[in-house]
Amino acid sequence: MRITRMAAVIGAVTMALAVGACGGDDDAGGGGTGSAASGVVGKAESAKKLVIGVKNDQPGLGLQTGGTYAGFDIEIGKIIAKGLGVPETGIEWKTTVSANREPFIQQGQVDLVVATYTINDERKKVINFAGPYFVAGQDLLVPTNSPITGPESLAGKKVCSVSGSTPAKRIQTEYKDAQLQQFDTYSKCVQALAGGQVDAVTTDDIILAGYASQEQYAGKFKVVGKKFSEEPYGVGLKKDDVTGCNKINDILKASATDGSYKAAWDSTLGKSGTAAPELDVAKLTNCPTA
């Protein structure tokens, strides 16, 4: 009898523990603290913080001075963070270069990348993209007296771009007669152009215009003005974060109508005299499932 009663007590305790465990699973999948969203939306809701990868050497887009980052991409990052409920004080800006953007996203070193990041099929194999929030085009930066008039003039010329970038790959595959020089940042390419070590720098037109407008290069360089690609800039995030991707697209769509997108442009790239482009919200569809 005593043994029977003890067994009954043990059985009751075991059942209670099992029910408690099941109840915890229900909370994780439904209401309560366990129901919080995952990915960037979940982190923004719970921590009110985000780590955003950006460029630090692109005037007008992403430029670091001391501990401060400024530029159009920085403003887009602020718009997205605000839409996710994260104040500017909750943003940690992390410098990225073209070659480490996908690894930083995959490894969780950053939550988002807003860094003149061209959406393409190869990258979409390993990460997800929201956007595009801007469409640029590959062009050439050359000395003002250069005979280079476009990509067809590059045979035998030393052309500089950034390792892992879309422009560098295009030169390698489509303009094989050019002599490609690669660095990890475009600022190094521009310095090489100023020093006469290369004949041209190639990347997106808006990036090149930013460099050409810098005071130390005033009158020395020109953007050829013959675009030979279309570069849709997207916001990179983890491959399986479809909810985050769609939410960011909603935020970008809202920015097109509430004036914040235009304000971001006007306070940065707009200072060059270029009018703010229209954000084509019909193209905000790059959120494939994982």
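Scope of this entry: the structure provided in the associated data block.

So, on to the pairing of strand S6 (residues 112-118). Burial of S6 is extensive: 7 of the 7 residues sit out of reach of the surface. Here 2 bridges tie strand S1 (residues 50-54) to S6, and the two strands are oriented parallel to one another. Counted as the bridge partner of Gly-53 is Val-113 from S6. Relative to strand S13 (residues 231-238), S6 is paired through 3 bridges, and the arrangement is antiparallel. For Val-113, the partnering residue across the bridge sits in S13 and is Gly-236.

Further remarks concern helix H3 (residues 72-83). The terminal C-alpha atoms of H3 lie 17 Å apart, and with 12 residues this matches the ideal 16 Å at 1.5 Å per residue to within 8%. When H3 is considered as a whole, its buried residues turn out to be Phe-72, Asp-73, Ile-74, Ile-76, Gly-77, Ile-79, Ile-80 and Ala-81. Of the residues trailing H3, Gly-85 is marked for its positive phi of about 90 degrees.

What follows covers the environment of Val-190. With respect to the secondary-structure elements, Val-190 resides in helix H7 (residues 186-194). Placed 49 residues apart in sequence, Val-190 and Leu-141 show a C-alpha to C-alpha distance of 8.5 Å.

Rules behind the numbers
- The residue count restarts for each chain, going from 1 along the sequence in the order it is written.
- Whole-chain, interface and lining totals are the exception, using all residues; otherwise, since this is a predicted model, local features are given only for residues with pLDDT of at least 70 and side-chain atom pairs are given and counted only at 80 or more.
- Note that water and hydrogens are dropped before the side-chain values are worked out from all heavy atoms of the structure.
- Exposure categories follow from relative accessible area, calculated using a 1.4 Å probe and restricted to protein chains: below 20% of the type maximum is buried, above 50% is exposed, and the middle band is partly exposed.
- To qualify as a helix, a DSSP run of H or I must reach at least 4 residues; to qualify as a strand, a run of E must reach at least 2; elements of each kind are numbered from the N terminus.
- The pairing criterion is simple: DSSP has to find at least two bridges between the two strands.
- Expected span, for any helix, means 1.5 Å times one less than how many residues it has.

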